[in-house]
Amino acid sequence: MGLLSGMMGNASKLDPRAAAKEFGRLLAQGEQLHAAYQLVRDSFLFTDRRLILVDKQGMTGKKVEYHSVPYKAITQFSVETAGHFDLDAELKIWVSSHDVPISKQFGKGVDVYEVQALLAAFVAR
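The structure displayed is predicted, hence computed values, not measured ones.

Analysis parameters
Sequence positions are assigned chain by chain, starting from 1 and proceeding in written order. Only residues with pLDDT of at least 70 get local features here, since the model is predicted, and only at 80 or more are side-chain atom pairs given and counted; chain-wide, interface and lining totals rely on the full set of residues. Each side-chain value is worked out from all heavy atoms of the structure, with water and hydrogens disregarded. We treat two strands as partners when DSSP finds at least two bridges between them. Strands are runs of DSSP state E lasting at least 2 residues, helices are runs of H or I lasting at least 4, and numbering of each runs from the N terminus. Type-normalised accessible area, obtained with a 1.4 Å probe on protein chains alone, sets the label of each residue: buried when under 20%, exposed when over 50%, and partly exposed for intermediate values. The convention is simple: Lys and Arg are positive, Asp and Glu are negative, and His and the chain ends are not counted. For salt bridges, the criterion is a side-chain nitrogen of Lys or Arg within 4 Å of an Asp or Glu carboxyl oxygen. Contacts are assigned to residue pairs that have any heavy atoms within 4.5 Å of one another. The score called pLDDT rates the predictor's confidence residue by residue, from a low of 0 to a high of 100.

Trainee: Hey, could you run me through the pairing of strand β5 (residues 63-70) in this one?
Mentor: Side-chain positions along a regular strand alternate between the two faces of the sheet. In the sheet, strand β4 (residues 50-57) pairs with β5 via eight bridges, with the strands oriented antiparallel. From the neighbouring strand, K56 faces β5, where its bridge partner is V64. In textbook terms, the turn of a hairpin is the stretch between consecutive antiparallel strands, and for β4 and β5 this stretch comprises five residues, one of which, G58, has a positive phi near 80°.

Printed below as a string of structure tokens:
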């Protein structure tokens, strides 16, 4: 991921095997990581059971919040593709009992249709 893209908040796709090694301690027994994306320091992981948001905090990033969202708690989601002048795609996820959606930006290099299909497969179970 380019530094400029990362500074603008755009996510890039991570290799799931490398992400599984880095975040393996977060996964329950038998849980599989299907896709992972990274912002400058933050990440979000799609497993077969839940969405995990990794928020590194502070100047050093040593303090980390891991937010787990079971797919059954996702009430709706939307994907907005990138345009000619708007260089990023956007994913919004609404979680039950929250009015404000979780919003993530994707650079043009990320297949936002793949992200949408992944969410649709897990949320529609």
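Trainee: What exactly am I supposed to notice about the side chain of D48 here?
Mentor: Structurally, the position occupied by D48 is in the loop between β3 (43-47) and β4. For the buried residue D48, which engages in no salt bridge, the nearest side chain bearing the opposite charge is R49, 4.3 Å off. Residues within four places of D48 in sequence aside, it is in contact with G30, E31, Q32, H34, Y71, F122 and R125.

Trainee: Is there a simple way to explain the confidence of the model for the protein in this structure?
Mentor: Interpretation of this model should avoid reading the predicted coordinates in detail wherever pLDDT is low. Per-residue confidence for the protein gives a mean pLDDT of 83; residues scoring 70 or more make up 86%. Contacts for the low-pLDDT stretch residues 1-9, under 50 throughout, to residues beyond four places or in other chains number eleven contacts.

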